[in-house]
Amino acid sequence: MPLNGHKPAARAFIEWHRDPGRDPDALPQLFEDWETEVMHAHGWARATEPEAPPSPQVHPGLVPRGHG
């Protein structure tokens, strides 16, 4: 898919790139928006991040290594 300004996220990314006073902190979000737009154009969707499993409980009787 060629880069063009027909899509809002692509247009914002191109405008950011052409701006000499561009804010580098905006790049990650611009890129993610553009990437999502391209994925959507191909019928794909971004998967949600899985939740991390809960950490096991520490036994109260255990002593840290090197102590005790």
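Above this note sits the structure.
Student: Got a minute to help me understand helix 1 (residues 8-18) in this structure?
Tutor: It helps to recall that an α-helix has 3.6 residues per turn; residues three or four apart then point in one direction. Within the sequence span of helix 1, burial applies to Ala 9, Ala 10, Phe 13, Ile 14 and Trp 16. Mapping the buried residues of helix 1 onto a view down its axis gives an arc of 160°, with all of them on the same face. Looking at helix 1, the residues exposed on the side facing more than 90 degrees away from the buried face are Pro 8, Glu 15 and Arg 18. In this fold, the buried residues of helix 1 make contact with helix 2 (27-41).

Student: Is there a simple way to explain the packing of aromatic side chains in this structure?
Tutor: By convention here, two paired aromatic rings are described through the distance between centres and the angle between planes. Taken as a whole and judged by the stated rule, the model has four aromatic pairs. Look at Phe 13 and Trp 16: their rings are 6.5 Å apart centre to centre, the planes differ by 25°, and that puts the pair in the stacked class. In this pair, Phe 13 and Trp 16 both sit in helix 1, three residues apart, roughly one turn of the helix. The two residues Phe 13 and Trp 16 agree in class, both being buried. Ring centres of Phe 31 and Trp 34 lie 5.5 Å apart, and the angle between their planes is 45°; this geometry places the pair in the tilted category. With Phe 31 and Trp 34 both in helix 2 and three residues apart, the pair spans about one turn of that helix. By relative accessible area, which is 38% here, Phe 31 ends up partly exposed. Relative accessible area serves as the criterion here: at 23%, Trp 34 is assigned to the partly exposed category. In this structure an aromatic cluster arises from ring pairing among Phe 13, Trp 16, Phe 31 and Trp 34. Against the face of Trp 16 rests Arg 22, its NZ or CZ located 5.3 Å from the ring centre.

About the criteria used
- Residues numbered from 1 in each chain as written.
- Predicted model: local features only at pLDDT ≥ 70, side-chain atom pairs only at ≥ 80, totals over all residues.
- Heavy atoms only, no water.
- Buried < 20%, exposed > 50% of the residue type's maximum accessible area, 1.4 Å probe, protein only.
- Helix = DSSP H or I, 4+ residues; strand = E, 2+ residues; numbered from the N terminus.
- Arc of directions from axis to C-beta.
- Contact = heavy atoms within 4.5 Å.
- Phe/Tyr/Trp six-rings, centres within 6.5 Å; stacked < 30°, edge-to-face > 60°.
- Lys NZ or Arg CZ within 6 Å of the ring centre and 35° of its normal.

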